[in-house]
Amino acid sequence: MNEKNTAQPTRTPPTPNPQWGGRFAAGPAAIMREINASIGFDRALWREDIEASLAHAAMLAAQGIIAKEDEAAIRSGLEAIAHEIEEGRFPFEESLEDIHMNIEARLAERIGEAGKRLHTARSRNDQVATDFRLYVRRAIDGLDLQLRDLMLALATRALEYADAPMPGFTHLQIAQPVTFGHHLLAYVEMFAVDRGRFQDARRRLNECPLGAAALAGTSFPIDREMTARLLGFDRPAANSIDAVSDRDFALEFLAAAAIAAIHLSRLGEEIVLFTSPPFGFLRLSDAFTTGSSIMPQKRNPDAAELVRAKAGRISGGLITLLMVMKGLPLAYSKDMQEDKEPVFDAGRALSLSLAAMAGMVRDMQAVRERMAAVAREGYADATDLADWLVRELGLPFREAHHVTGRLVAMAEAKGVPLAALSLEELRSVEPRIHEGVREVLSLEASLASRRSLGGTAPALVAEAARAWIGRLQG
């Protein structure tokens, strides 16, 4: 009878992560590596990581913390790594967790001991906080240019359509006539406020966390003013704990992005409505529409619909990060690794939406005759009649409102516009009405009379559009 071999096979212990140092004898389990790694998405920070590392190395050398020869080697190595990444030759390793460790490990491979000195007087906590602020700042600058471009497109079309009548709506019911130019300028105002929100967020985020280290600062004689200056920040962050644990700047970015996306969605919704045959106010070319796989007559405003849908995605990013941050104690927690994907995704989605919307605004053509015809429907001149009764006959507005309502009911029963009522019919409700009322019962007169600041009178609309164009091109 043969004896069983009871010897256990020799196990090779997992290789510890070289960046963790000697504390851990064994490597992480596979599932731990997967949940812990962020290189799949935070590689988007590579430019910012290299930029911040160059500034940190320059400061270390200026302070005599590392040798100038080491700083020169670090600079040369980081520049070479930047070229590798740009050319798609960089060996990203999931085992090294994130972009910061990947770049640092590659630097040590390229230049040896000097590369290992780069991390002196900093932690991944202040490193990632700095990189992330640089990324969000750059994203804001790009979105600001796109918002400005969209506003210019809207203002230019507003000038073109400054005198084009259309129905103004409340509750999606015909309310009063406006011009299409005036309608477009409403979105210019919205996007101007969006630009202001992003610019306010940029001012607040422009403090440099670098030098806060893990959370308590460092014992090395660093110069935080120098690194802040080199990276274009206004100042160093004042409190080391807040510096590494703050993500308000990301929340503000997402909040501003969500509001801008909502504005884009509203404009997208109107493009969808106004290009539909029941409205027939706008036309889009083949460049921004698609066809149907079964219905050959269809021209679908898919670009506008997708812009409308992305508002949900962007707003979802804001909710995601709010929930990540809501219960975190100070200072840094690994939960905060989840801060980047919503910001990256929202920034990309908003950028694409802005580009698509600017293209649609420049592409669309208003059907003037259709807009004007609908503007004459629905008794949109009723308010003008009520105002005339106040102005010419001295009626209190509430009484004028009631008189006008009775006249509208009369016209509606006959199936005619207010202007088609005879003088006798008008006087049957209010005996003092005279022929002068005809001057306000026209679309052109209604528009021209709205001369109050911010009103829809064509001359005012053209003036406002020209002012915006000058401001945006200046």
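The shown structure was predicted, so the numbers you read here are calculated from the model rather than taken from an experiment.

Caption draft 1: Seen up close, a nonpolar patch on the surface. Residues I31, M32 and I35 make up a contiguous nonpolar surface patch of about 330 Å² in total accessible area. As for its placement among the helices and strands, M32 is situated in helix α1 (residues 30-36). Owing to a relative accessible area of 38%, M32 belongs among the partly exposed residues under this scheme.

Caption draft 2: Spatial organisation of the nonpolar core. Within the largest apolar cluster, 102 residues are counted, with the highest numbers of intra-cluster contacts made by L150, L154, F180, F191, F198, L350 and M357. Here this core takes 15 residues from helix α11 (residues 248-275), the largest share from any one element. With residues near it in sequence (within four places) discarded, L154 still touches L184, Y187, V188, F191, L267 and V361. Judged by nonpolar contacts, the second largest core, of 22 residues, contains Y379, W388, L389 and V440.

Caption draft 3: The arrangement of empty space enclosed by the protein in detail. What the rule picks out here adds up to two cavities of 30 Å³ or more. In this structure, the second largest cavity is lined by F180, H183, L184, L267, E270, I271, F274, L282 and M364. Broken down by secondary-structure element, the contributors of at least two residues to the lining of the second largest cavity are α8 (180-205) and α11. Here the lining of the second largest cavity takes four residues from α11, the largest share from any one element. Residue composition of the lining of the second largest cavity, grouped by class: seven nonpolar, one polar and one charged.

Caption draft 4: Representation of the pairing of strand β1 (residues 165-170). Examined bridge by bridge, β1 and strand β2 (residues 173-179) share six bridges and lie antiparallel to one another. Bridge pairing in β2 links M166 to V178. Two successive antiparallel strands, β1 and β2, enclose a turn made up of two residues, where H171 displays a positive phi of approximately 60 degrees.

Caption draft 5: Focus on the packing of aromatic side chains. If you walk through the whole model with that rule in mind, you get 11 aromatic pairs. Between F132 and F344, the ring centres sit 6.4 Å apart and the planes meet at 85 degrees, which makes this aromatic pair edge-to-face. Placement of the pair is F132 in helix α7 (residues 124-160) and F344 in helix α13 (residues 340-363), with a sequence separation of 212 residues. Summarising the burial analysis for this pair, F132 and F344 share the class buried. Relative to F253, the ring of F198 lies with its centre 5.8 Å away and its plane at 55 degrees, an arrangement referred to as tilted. Note that F198 is positioned in helix α8 and F253 in helix α11, a separation of 55 residues in sequence. Judged on exposure class, the residue F198 and its partner F253 are both buried. Linked through ring pairs, F132, Y135, F249 and F344 together constitute an aromatic cluster.

Caption draft 6: Highlighting the pattern of salt bridges. All told, the structure shown has 32 salt bridges when counted by the stated rule. As a salt-bridge pair, R362 and D149 come within 2.9 Å of each other at their nearest N and O atoms. Of the two residues, R362 is situated in helix α13 and D149 in helix α7; the sequence distance between them amounts to 213 residues. Note on D149: relative accessible area 31%, which makes it partly exposed.

Reading guide: rules and limits
- Residues numbered from 1 in each chain as written.
- Predicted model: local features only at pLDDT ≥ 70, side-chain atom pairs only at ≥ 80, totals over all residues.
- Heavy atoms only, no water.
- Patch = residues over 30% accessible without salt bridge, like charges linked within 9 Å, V, L, I, M, F, W, Y side chains within 5 Å.
- Areas by Shrake-Rupley, 256 points an atom, 1.4 Å probe, with all protein chains shown as cover.
- Salt bridge = Lys/Arg side-chain N within 4 Å of Asp/Glu carboxyl O.
- Helix = DSSP H or I, 4+ residues; strand = E, 2+ residues; numbered from the N terminus.
- Buried < 20%, exposed > 50% of the residue type's maximum accessible area, 1.4 Å probe, protein only.
- Core = buried A, V, L, I, M, F, W, Y, C linked by side-chain atoms within 4.5 Å.
- Contact = heavy atoms within 4.5 Å.
- 1 Å grid on protein atoms, 1.4 Å probe; cavity = no way out; pocket = protein on both sides within 12 Å on 5 of 7 lines; lining within 4 Å.
- Points joined across faces, edges and corners; volume = space filled by probe spheres on them.
- Nonpolar A, V, L, I, M, F, W, Y, C, P; charged D, E, K, R; others polar.
- Pairing = 2+ DSSP bridges.
- Phe/Tyr/Trp six-rings, centres within 6.5 Å; stacked < 30°, edge-to-face > 60°.

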